Amino acid sequence: MAELPVTDRTLDLSRSNGRFTISTLISTEDSNRGPYAQGDTAVYDTSQGNHLTHNNTFYLRTFGYNTVDVVPTYENYANTKISGECKKPRPTLADLHSFLKQETFHRHSPGYEPHRSDSFNEGGNDDAAIDGDKKPEGEPVRFGWVKGVMIRCMLNIWGVILYLRLPWITAQAGIALTWVIILMSVTVTTITGLSISAISTNGKVKSGGTYFLISRSLGPELGGSIGLIFAFANAVAVAMHTVGFAETVRDLLLEYDSTIVDPTNDIRIVGIITVTVLLGVSLAGMEWEAKAQVLFFIVIMISFVNYLVGTVIPASQEKQAKGFFSYRGDIFAQNFVPNWRGPDGSFFGLFSIFFPSATGILAGANISGDLKDPAVAIPKGTLMAIFWTTISYLVLSATIGSCVVRDASGNVNDTLTVDSMGCEGIACGLGWNFTECAQSQSCRYGLINHYQAMSMVSGFAPLITAGIFGATLSSALACLVSAPKVFQCLCKDQLYPAIGFFGKGYGKNNEPIRGYVLTYFIAVGFILIAELNAIAPIISNFFLCSYALINFSCFHASITNSPGWRPSFRYYSKWAALFGAVISVVIMFLLTWWAALIAIGIVVFLLGYVLYKKPVVNWGSSVQAGSYNMALNYSVGLNEVDDHIKNYRPQCLVLTGPPNFRPALVDFVGTFTKNVSLMICGNVLVGPCKQVLPELRLASKGHVKWLTKRKIKSFYTEVLAEDLRAGVQILMQASGLGRMKPNILVLGYKKNWQSAHPQTVEEYIGILHDAFDFKFGVCMMRMKEGLNVSRLMQAHMDPDALVAEQQASTLFQIVQDKKTIDIYWLFDDGGLTLLIPYLLSRKKRWGKCKIRVFVGGQINRMDEERKAIISLLSKFRLGFHEVHILPDINQKPRPEHVKRFEDLIAPFRLNDGFKDEAAVNEMRHGCPWKISDEEEAKNKAKSLRQVRMNEILLDFSRDAAIVFITLPIGRKGRCPSSLYMAWLETLSQDLRPPVVLVRGNQENVLTFYCQ
């Protein structure tokens, strides 16, 4: 820890108001020993903003010496600041490691977000200051796990299927298979519930429900698509449940012959009135909505009790005529086995009918922003809701299957008489003869014929009708609340255009009133259709898509082994979650295959849109963790396989400096390495560490964003060094990972070498020598207008400003017409001089260019040499067919060009008069770039060759799109840097197109063998 000087200071405990007093845990006896004993307490003044000073003795008793380090606290990890508190922030590394200033020390404040009162607020009870039991004025309403999740989920799971279809399913499938259907459905929902529990306890859950859980786990791509269709499905589900309620009311009106207009319009009228009333309840606030849900829950529970009481009441004559005989073992035995009838009389047919009644487990998670503690409420409430609703389904199936026979006529005169002959069925032993209608399958009553069997069995039938009303209205209300809550979170994330308007919240609970109104109009639209049979399967499939992705989120987060995946809920299995994801997709196709295809198609379309837009969000998703795992595994796996020429890739370390300063160099390398090989933009920061470090920290992120905006697939790395050459040495040795290490050094031509300080030229040439020493290939690029545009750019330190600035356009961003790519393959460097142009020509912008290859040769063997080169190129399969032999490459250049070269090196001549080596070294002391007369004479032939090559280039390649030339090599210690730069200057001068000087490391990068 960083120590502070200990100063004797008398603590005035009478002035400790507003301070925390920390009592020592050391015994009094021990506290009187040693040089660190300063008293029994240390006082921390929270009323002072700048409390990190040399005189602060807050941690003296804790650690035995004074320190600016802080003990772990919640506030240092939270994203929002606790209002009304001023805690000691965590010091930066510089505060602990660098020199401690006496007065201006540590004026940082923690990286808190502004305290907001919207749905993304951290919540009332968790982050509230503990200053008493008084509830702050205007605090939003929060719900516990019972009212907020369990009751809400149970109401959404229960529906009209429970009352109207479960008895019929029991009659068709029998009690045994009905239980199998129930348990299969519950298995899927239970696995999903466990996955929800794991995800919701892996960090703080905010508003947004299912969308929030999926998007923060799998990323915005899948989360956004599911969030949109899930919100829409909930909006349409409001109409479905409302129409279910309206149809029940319509049936009651028909029973009493009291229709309003006609049966169809009655559904529309009752439905619109009902959904308008539900909207009013929702707009009244979450507190009123919760009270309404509790009322519905009580009604449903009363209807259950009413039904169970009815099963033990002795059956009347009318009920017996309808098939009810109270509990009997023979009825149970008959109904225990299946009796398939009708078009839906199959196991999976009945499963598809029942399964929607097991859904609804996301109702509690969908209002996660209105829960006191979502991490506790969602797992506990969801799993308890699944448990109790499963018990209710099993009990209902077993009890009604033990009381009611499958077929009954409903006619009280069908009692068994003495002269009755041929009576069949279990009712015969109970004094009733239903044989005639059973054989003709014309019975109107009985478990398999009468949907209102629960009403008939119950003690008081209107209470069952009230239960149906409660189940439909509660489900409609839950969906009416869920849809806007999920949609609001989606709107705030701005993943899709033109929906941000609906994200605004109102009131202390941040209610999405605009979302409520939108949901209302969607529901009204579908209520007016009054025919939802074709839409219902699509909605069920949307919910199943959500289940599948929630389970896959849990599996994917577990399988990636991310250290950030630490759910406090431990009772889940990644393999069970994977099974839940797969079985959810299977059930989608079992329910309605065409609806499954539509749902998946919509998800894929929305997924593709978000992938195309690439929203700038970072939620730490498991997809990011999975990408890291895959990259790590593949990178390590590459080490197990030796390199092969067939798999050679030009992996480039590009000395760009700040990438925005040399955009042409970045674009050139990015063009031929994109989706092919590695590219690393290197920047050497030269200067004292204290001056350079802030620049490195601030600008690095901006350069990466600049590359991303320019669509360059490259890494960016910076190093600190005493000089440029040392920094490049570090980059060449340390850049890359495993087999993915650079093997080519790409740099720009030093255009100002004649006017620059000679030491910088010496350093520049030294970089080339270092590259060859490290077995690197070298690629040097020269453009007539130069590469460095820093004089036109502002050296932005702010990353956002760096990305926002207008990017320079370069030649490599323009489509090249039918020009030529000229390759001067003068020396065999292993084939790199051919490979880079080949990769460039594969890109769309350069695809129309014709490639010409120029090689040196003898005038009397031109045809033979040309055929040999063409044969070699054909074996390489590069597609280069135009080959030119340069027989006059060794001719003497023009005198005026020779004179120009001599004038070029004249300022760098030593003019030693061919003195011995010792005398030359003494004259050149401190000026190693000077050219001695002997060196000039020994390299004269090579110098004249560069002059002659420039003449050839001007003759043949003046109008080319780009020119590649084999880079000449100056022998280390025998060719001064100024002479070598004069060669490069002479070779490439006066050329309009970009000139790329390439030299491989003299090892093969092309092969014509298969192995």
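Residues numbered from 1 in each chain as written. Predicted model: local features only at pLDDT ≥ 70, side-chain atom pairs only at ≥ 80, totals over all residues. Heavy atoms only, no water.

## Observations concerning the overall build of the protein chain
Phase 1 of the analysis: Scanning the protein chain from terminus to terminus reveals 35 helices and 14 strands.
Phase 2 of the analysis: Of all 1011 residues assigned to the protein chain, the portion counted as buried reaches 52%.
Phase 3 of the analysis: Considering only residue pairs separated by 6 or more positions, the protein chain has 79% of its internal contacts joining residues 24 or more positions apart.
Phase 4 of the analysis: When the accessible area of the protein chain is evaluated, it comes to approximately 47,900 Å², of which 57% is carbon and sulfur surface. (Helix = DSSP H or I, 4+ residues; strand = E, 2+ residues; numbered from the N terminus. Buried < 20%, exposed > 50% of the residue type's maximum accessible area, 1.4 Å probe, protein only. Contact = heavy atoms within 4.5 Å. Areas by Shrake-Rupley, 256 points an atom, 1.4 Å probe, with all protein chains shown as cover.)

## So, the layout of surface pockets
Phase 1 of the analysis: There is about 1,800 Å³ of room inside the largest pocket.
Phase 2 of the analysis: K614, P615, V616, V617 and T708 are, among the 32 residues lining the largest pocket, the residues nearest its centre.
Phase 3 of the analysis: Contributing elements (two or more residues each) for the lining of the largest pocket: α9 (220–255), α22 (593–613), α23 (622–638), α25 (689–709), β7 (715–721) and α28 (799–804).
Phase 4 of the analysis: Grouping the constituent residues of the lining of the largest pocket by class yields 16 nonpolar, seven polar and nine charged. (1 Å grid on protein atoms, 1.4 Å probe; cavity = no way out; pocket = protein on both sides within 12 Å on 5 of 7 lines; lining within 4 Å. Points joined across faces, edges and corners; volume = space filled by probe spheres on them. Nonpolar A, V, L, I, M, F, W, Y, C, P; charged D, E, K, R; others polar.)

## Some points on the packing of aromatic side chains
Phase 1 of the analysis: If you walk through the whole model with that rule in mind, you get 29 aromatic pairs.
Phase 2 of the analysis: A centroid spacing of 5.0 Å and a plane angle of 85 degrees characterise the contact between W158 and F304, whose relative ring orientation is edge-to-face. Here F304 lies in helix α11 (residues 286–312) and W158 lies in the loop between α5 (145–157) and α6 (160–164), a separation of 146 residues in the sequence. The residues W158 and F304 share a single accessibility class, namely buried.
Phase 3 of the analysis: The interplanar angle of 50 degrees and the centroid separation of 5.4 Å between the aromatic rings of F668 and F812 together place this pair among those described as tilted. Residue F668 is located in helix α24 (residues 663–673), and its partner F812 is located in the loop between α28 and β10 (820–824); the two are separated by 144 residues in the primary sequence. (Phe/Tyr/Trp six-rings, centres within 6.5 Å; stacked < 30°, edge-to-face > 60°.)

## A closer look at the sheet that holds strand β12 (residues 882–886)
Where strands meet in a sheet, backbone hydrogen bonds hold them as pairs that are either parallel or antiparallel.
Phase 1 of the analysis: In spatial order, the strands read β7-β6-β5-β8-β9-β14-β13-β10-β11-β12; together these ten strands make up an open sheet with mixed pairing. The open sheet is flanked by β7 and β12, the only strands paired with a single partner. Adjacent strand axes in the sheet meet at a mean angle of 20 degrees when their direction is disregarded.
Phase 2 of the analysis: Bridging between strand β6 (residues 679–686) and β7 involves seven bridges; their strand directions are parallel. By the bridge assignment, C681 is partnered in β7 with Y716. (Pairing = 2+ DSSP bridges. Axes fitted to C-alpha atoms, helices over the stretch in contact; angles between N-to-C directions.)

## Notes on the confidence of the model for the protein chain
Phase 1 of the analysis: Of the residues in the protein chain, 82% reach a pLDDT of 70 or more, and the chain-wide mean stands at 79.
Phase 2 of the analysis: Below pLDDT 50 for its whole length, residues 1–55 participates in 94 contacts with residues either more than four positions away or in separate chains.
Phase 3 of the analysis: Confidence over residues 102–136 falls short of pLDDT 50; this stretch has 61 contacts with residues more than four positions distant or in other chains. (pLDDT = per-residue confidence, 0-100.)

## Focus on the pattern of salt bridges
Phase 1 of the analysis: Inspection of the entire model under this criterion finds 18 salt bridges.
Phase 2 of the analysis: K485 is paired through a salt bridge with E511; the nearest N and O atoms lie 3.5 Å apart. On the criterion of sequence distance, the pair formed by K485 in helix α18 (residues 461–493) and E511 in the loop between α18 and α19 (513–529) is long-range, its members being 26 residues apart. Comparing K485 with E511, the two get one shared label, buried.
Phase 3 of the analysis: D903 is the salt-bridge partner of K899, the closest N and O atoms lying 3.0 Å from each other. Placement of both K899 and D903 in helix α31 (residues 895–905) is noted, with a separation of four residues, approximately one turn of the helix.
Phase 4 of the analysis: K899 sits in the partly exposed class, given a relative accessible area of 44%.
Phase 5 of the analysis: Overall, the relative accessible area of 43% leaves D903 in the partly exposed class.
Phase 6 of the analysis: Several salt bridges share partner residues, and in doing so they unite D642, D643 and R739 into one network. (Salt bridge = Lys/Arg side-chain N within 4 Å of Asp/Glu carboxyl O.)

## Looking at a nonpolar patch on the surface
Phase 1 of the analysis: On the surface, a nonpolar cluster with roughly 860 Å² of combined accessible area is contributed by V305, L308, V309, V312, I313, Y327, F387, W388, I391 and V395.
Phase 2 of the analysis: Looking at the nonpolar patch, the elements with two or more residues in it are α11 and α15 (374–401).
Phase 3 of the analysis: Tracing the sequence through the fold places V305 in helix α11. (Patch = residues over 30% accessible without salt bridge, like charges linked within 9 Å, V, L, I, M, F, W, Y side chains within 5 Å.)

## Overview of a positive patch on the surface
Phase 1 of the analysis: Together, K614, K674, K711, K713 and R845 make up a region of like positive charge exposed at the surface.
Phase 2 of the analysis: If you trace the backbone, K711 turns up in the loop between α25 and β7. (Lys, Arg positive; Asp, Glu negative; His and termini not counted. Charge placed at Lys NZ, Arg CZ, Asp CG, Glu CD.)

## Observations regarding the environment of T242
Phase 1 of the analysis: For T242, the location among the structural elements is in helix α9.
Phase 2 of the analysis: Exposure remark for T242: the relative accessible area of 1% places this residue in the buried category.
Phase 3 of the analysis: Considering only alpha carbons, one finds T242 and S475, 233 residues apart in sequence, at a separation of 8.7 Å.
Phase 4 of the analysis: Those residues in contact with T242 that lie beyond four places of it in its chain are G271, T274, V275, L278, A476 and I527.

## Quick notes on the pairing of β10
Phase 1 of the analysis: Of all five residues in β10, five are buried, a share of seventy percent or more.
Phase 2 of the analysis: Alternating positions in β10 separate into two faces, T820, D822 and Y824 on one and I821 and I823 on the other, with burial throughout.
Phase 3 of the analysis: Bridge count between β10 and strand β11 (residues 850–856): five bridges; the pairing is parallel. The partner of D822 across the bridge, within β11, is R852.
Phase 4 of the analysis: For the crossover that starts at β10, traverses helix α29 (residues 832–841) and ends in the parallel β11, the hand is right-handed.
Phase 5 of the analysis: Bridge count between β10 and strand β13 (residues 962–966): four bridges; the pairing is parallel. (Right-handed = clockwise from strand over helix to strand, strands pointing away.)

## Digging into the state of the cysteines
Phase 1 of the analysis: Under the counting rule described, the total for this entry stands at zero disulfides.
Phase 2 of the analysis: C489 provides the cysteine sulfur closest to C491, a residue in no disulfide bond, and the two sulfurs are 9.3 Å apart.
Phase 3 of the analysis: The class of C491 is buried, set by a relative accessible area of 2%. (Disulfide = S-S within 2.5 Å.)

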